[in-house]
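Inside the fold
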Amino acid sequence: MKQLFPLLLLLVLSFNYTNSQRPGGDREKGPIVITGKAIDKDDGLPLEYATLVLQSVNNPDQITGGITDIDGNFIVEITPGKYNISLEYISYKSYKLPNQTLTESKDLGTIKLALDVAQLEAVEVVGEKTTVEVRLDKKIYNIGKDLTNSGATITDALNNVPSVDVDVEGAISLRGNENVRILINGKPSALAGFGSTDALTQLPADAIEKVEVITSPSARYDAEGTAGILNIVLKKEKTLGFNGSVTTTIGFPVNTGISVNSNLRTDKFNLFNTTSYTYRDAPGNAIFDNTYTSGSFDRIVEDREYNRLRKGFNTNLGLEYFLTETSSITGSVFYRKSDNEDETGNTNLRYDGTIIDSETFRLENENEDDQNYQLSLNYVNDLDDEGQKLTADVQYSNGKEDKFSVIEENNTVPNQNLITLENVYEKELTDEYLIQADYVLPIGDAQFEAGYRGTFEETVTDYRLDSLNQDTGLLNINEALTNIFTYHENVNAIYTQYGNKLGKFSFLLGLRLENTQLKGELDSDFDISELEEQLGEDVELNFDKNYLGLFPTLNFIYELAENENLSIGYNRRINRPRGRFVNPFPSRDSRTNIFQGNPDLDPAFSNAFDLGYLKRWDKITLTSSIYYQRETNSFERVQEETGQTTTDGIEIIRTIPINLSTNDRIGAEAGILYSPTKWLRLNSSFNFFQFTTEGIFNDIDYGTTNTSWYGRFSSKISLPAKIDWQTNAFYRGPSQTSQTENGGIFTLSLAFSKDILDDNGTLSFNVSDVLNSRKRTSYTETEFFTSDSEFQYRVRQFTLGFVYRFNQPKEKNRNGRGNGNGTGDEDDDIEG
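Along each chain, the written sequence defines residue order, and numbers are assigned to residues from 1. Predicted model: local features are reported for residues with pLDDT of at least 70 only, side-chain atom pairs are reported and counted for 80 or more only, and whole-chain, interface and lining totals are derived from all residues. Hydrogens and waters are ignored; side-chain quantities use all the structure's heavy atoms.

This brings us to the overall build of the protein. Broken down by element type, the protein carries five helices and 48 strands. The buried label goes to any residue with under 20% of its type's maximum accessible area, the exposed label to any with over 50%, and the partly exposed label to all in between, with areas taken from a 1.4 Å probe on protein chains only. Burial analysis of the protein (832 residues in total) assigns 53% to the buried set. The contact criterion used is simple: two residues touch if any of their non-hydrogen atoms lie within 4.5 Å. Within the protein, residue pairs in contact and separated by at least 24 positions form 68% of the contacts whose partners lie at least 6 positions apart. All accessible-area figures derive from a Shrake-Rupley calculation using a 1.4 Å probe, and residue coverage is judged against the displayed protein chains alone. On the protein, roughly 36,400 Å² of surface is accessible, and the fraction owed to carbon and sulfur atoms is 54%. Here a strand is any run of E in DSSP of at least two residues, a helix any run of H or I of at least four, and the numbering for each starts at the N terminus.

Structure follows, in structure tokens:
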């Protein structure tokens, strides 16, 4: 607690703050001035933001003081009297002068503060291990110095967070539910991509400070995401002057990157930039054993090899300008460019009964060029010292994706004839606007909050497929698949919430009103009568839907003891369909598989309940919860026959999303953090869940029950010579849907690090998926086909990393009021 006192005092004191009450003792008619300077005893450097505390001896409740400036100087006006004087700075031994009678202005001179070794060790332990904080509406995991994050992506880091799971293809789920909302620094962002999490695979994991797992979001947050919200908070630099760090990585398979984080802060502005470049090769493999009840072949075995080259550049440049001591305005520009080259080789063995009829080889080359940029403006005004606050945000995001694929398949046995040659062109352009304002008003110990948020998004998808006509030698447009689809999603929301603490009981009650407009426009130059027949005459291909909904939230915490509490949460959420899910034109996943959106798809709504328990001992922290969710109109992707075949007689299968009637989810989770000694830290978590789905589509019952679980374990050992060793293990149990059963997956990762160059540098080495076992096995069965598969998205990875910090030594965390990402306030949650 000793090291937290200056930080708490900093929140309520300002420069040259003068207590309005005279503490007693000998007094003068006017105030007197106390001056002095704080420096580091070892290197003589000034200590900015050291805290001078003057406590009245006669009235201990009367406390005044101030903080040092850039040169370590302090100047404080006080009334004459008798005081206990102390000068404090985090990680340093305090300087104390008890029972000082001050009747006239006094210069305390230059005060040299020495490092407090014991306190320093405690600070570093907190900084390195994963800790958990429980708030009324969320759990905050400070992932700290996770060694496995070196050379990893944000997606990899999320897989180490309790309650979160990332599958082999990078899909993120929360408590087994993939409908999770991803935010960056409390807002939707181009950093996270538009409706996809692919962008997170190109951002470095060591940029994360903490992850907020929000399973019972308050009314402040967007109601999107029936599973809840993951808010990724990026690291913030607050040190005065010019400082930063450089991170480099190299790995096998090829995984190289460099990231530079720099910050220049003065009393009036904070200029910050993070720039990174990555170059990765991500090989993978898969095998599919498919059987068919009709068509030219009874069985087809596919052996696939994936070679994926990822080249990405990211930069974020921002300026925070301090208008006054209590207000600031921040402008930032983010730009991301990625160039991806994928090559997939697919060897097919085709069977007639048990005899191999033929063998083919299909080669698919895909080039994808993505560009995203985002312009943000943020205003923060602390209206008074009581916590009254106004924030406003304006943001524009633009995303452009160009994808070109060439698919060629040839016979290899018994001949080498060309089977098909296709060119696929895909373009997607997204524009998104965000306007937001939030107001916070403390009322005694209570707090009232209200706000508005509007998001306006337009996505235009241009899809074209050309197939070679072998009779004419010309490429012909596939009229059934070529189209332009424009999708609008506009959401306007207002909210209000009220929180209070009554003794040991805390609560947060909120209500959010959202109006959602979903609009789709189809543009095709060709006859679409066949498409209308496929979807049914009752389905409108061009649609304009409007939904108005109330979303209440209730969160309660009862403190059973100082380190023990019980929490209860309720919230109503919405799952809005994305553009691909409502685009009526089919798109090709392969020659034999198409995905077709459903313009008749409506949003799904859920009601969720959560009961949590937290207990802290000296060396152990236990978190646990039981949860239940009932979702109506839930989405389910089903596969069915199209009645069509490829040119060589293989059945074409269609996947389409539908609204099923209900989805009931129940589960329980627990996590333990245990630090038995200074050199050993253990972290484990377990999650068990069951989903029950009921629904009928096209006279087929898709009802099913899915019971699964996953567990993770992490240990970190501090060895001699400043070497750390970390082990992460994860297992996800088997699961099933109405048509597919998935096998269990086990992953083991190791990492080592060593501080060098007077602790200004850190060298690290890690191995991801040591046993090369992160493979998804699944079995799908329908009335017309079966598929038995094994898929490995990425093979075992070795990575060597190096971090060099300049002007920010590990042991001197000199906090200021600026930050390195421009949110304007360290603890802001500005989602509205």
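Okay, empty space enclosed by the protein next. Cavity and pocket criteria rest on a 1 Å grid covering protein atoms alone: a 1.4 Å probe that fits but cannot get out defines a cavity, protein on both sides within 12 Å along at least 5 of 7 lines defines an open pocket, and an atom within 4 Å of a point defines a lining residue. Grid points are joined across faces, edges and corners, and a volume is the space filled by probe spheres set on the points. As enumerated under the stated definition, the model contains 14 cavities of 30 Å³ or more in all. Here the second largest cavity defines a volume of roughly 170 Å³. Together, 16 residues line the second largest cavity, and R175, T226, A227, Y627 and Q629 are the ones closest to its centre. Contributing elements (two or more residues each) for the lining of the second largest cavity: β32 (604–616) and β33 (620–632). Classifying every residue of the lining of the second largest cavity gives seven nonpolar, six polar and three charged. Polarity classes work like this: nonpolar for Ala, Val, Leu, Ile, Met, Phe, Trp, Tyr, Cys and Pro, charged for Asp, Glu, Lys and Arg, and polar for all others, with Gly in that last group.

Let's shift gears to the pairing of strand β19 (residues 299–322). As judged from the 13 bridges shared by strand β17 (residues 269–281) and β19, these two strands associate in the antiparallel manner. For N273, the partnering residue across the bridge sits in β19 and is L317. Sheet topology note: the strand β18 (residues 284–292)/β19 ladder contains eight bridges and is antiparallel. Note that in β19 the partner of G284 across the bridge is Y306. Note on pairing: two strands pair once DSSP finds at least 2 bridges between them. Hairpin connection from β18 to β19: six residues lie between these consecutive antiparallel strands, with G295 at a positive phi of about 105 degrees. The pairing of β19 with strand β20 (residues 327–352) spans 24 bridges and is classified as antiparallel. From the neighbouring strand, L309 faces β20, where its bridge partner is E341.

So, on to the layout of surface pockets. Size it by volume and the second largest pocket reaches roughly 700 Å³. Lining the second largest pocket are 33 residues, and of these N478, A480, L481, Q644 and I652 lie nearest its centre. Of all the secondary-structure elements, those providing two or more residues to the lining of the second largest pocket are β23 (418–443), β24 (446–469), β25 (474–477), α4 (529–535), β30 (586–590), β31 (593–596), β34 (635–645) and β35 (651–659). Of the residues forming the lining of the second largest pocket, the biggest block, five residues, is contributed by β34. Looking at the lining of the second largest pocket residue by residue, the classes come out as twelve nonpolar, twelve polar and nine charged.

The subject of this paragraph is the sheet that holds strand β7 (residues 106–113). A sheet is described by the order of its strands in space; here three strands give the open sequence β4-β1-β7, paired in mixed fashion. Two strands lie at the open edges of the sheet, namely β4 (73–78) and β7, each paired on one side alone. Taken pair by pair, the neighbouring strands of this sheet meet at an average axis angle of 20 degrees, ignoring direction. The sheet contact formed by strand β1 (residues 32–40) and β7 spans six bridges and is parallel. Residue pairing for β7: D40 is matched across the bridge by L113. Lines are fitted to the C-alpha atoms to define the axes, a helix being fitted only along its stretch in contact, and any angle between axes, read from their N-to-C directions, falls within 0 to 180 degrees.

Look at the link from F252 to P253: it is a cis peptide, with omega at -10 degrees. Inspection of the secondary structure puts P253 in the loop between β15 (241–252) and β16 (255–265). Note the cis peptide between V413 and P414, where omega equals 5 degrees. Locating P414 in the fold gives a position in the loop between β22 (389–413) and β23. Although it is not a glycine, A721 sits at a positive phi angle of roughly 65 degrees. Examined against the element boundaries, A721 turns out to sit in the loop between β40 (704–719) and β41 (723–732). Of note in the backbone geometry, L757 takes a positive phi value of approximately 55 degrees without being a glycine. Mapped onto the secondary structure, L757 falls in the loop between β44 (745–756) and β45 (761–768).

Of the strand pairs in this sheet, strand β27 (residues 505–523) and strand β28 (residues 543–561) are connected by 16 bridges, and their pairing is antiparallel. Each residue of the ladder has a partner; that of L509, found in β28, is L554. From the end of β28 to the start of strand β29 (residues 564–575), which pair antiparallel, there are two residues.

Now for the nonpolar core. Residues enter a nonpolar core if they are buried and are Ala, Val, Leu, Ile, Met, Phe, Trp, Tyr or Cys, with the set joined through side-chain atoms within 4.5 Å. If you look at the biggest cluster of nonpolar residues, it comprises 22 residues, and the most contacted ones within it are F485, Y487, L522, L531, L535 and V582. Mapped by element, the contributors of at least two residues to this core are β26 (483–502), β27, α4, β28, α5 (579–582), β34 and β35. If we skip the residues at most four places from it in the chain, L535 touches L541, P584, Q596, G597, P599, R654 and I656. In this structure, Y141, V166, A205 and V213 belong to the second largest nonpolar core, which totals 21 residues.

So, on to the environment of P253. Judged by relative accessible area, which is 9%, P253 ranks as buried. Residues P253 and P283, 30 residues apart in the sequence, show an inter-C-alpha distance of 7.8 Å. Residues contacting P253, with those up to four places away along its chain left out, are D281, P283, V795, R796 and Q797.

These figures capture arrangement, not role.
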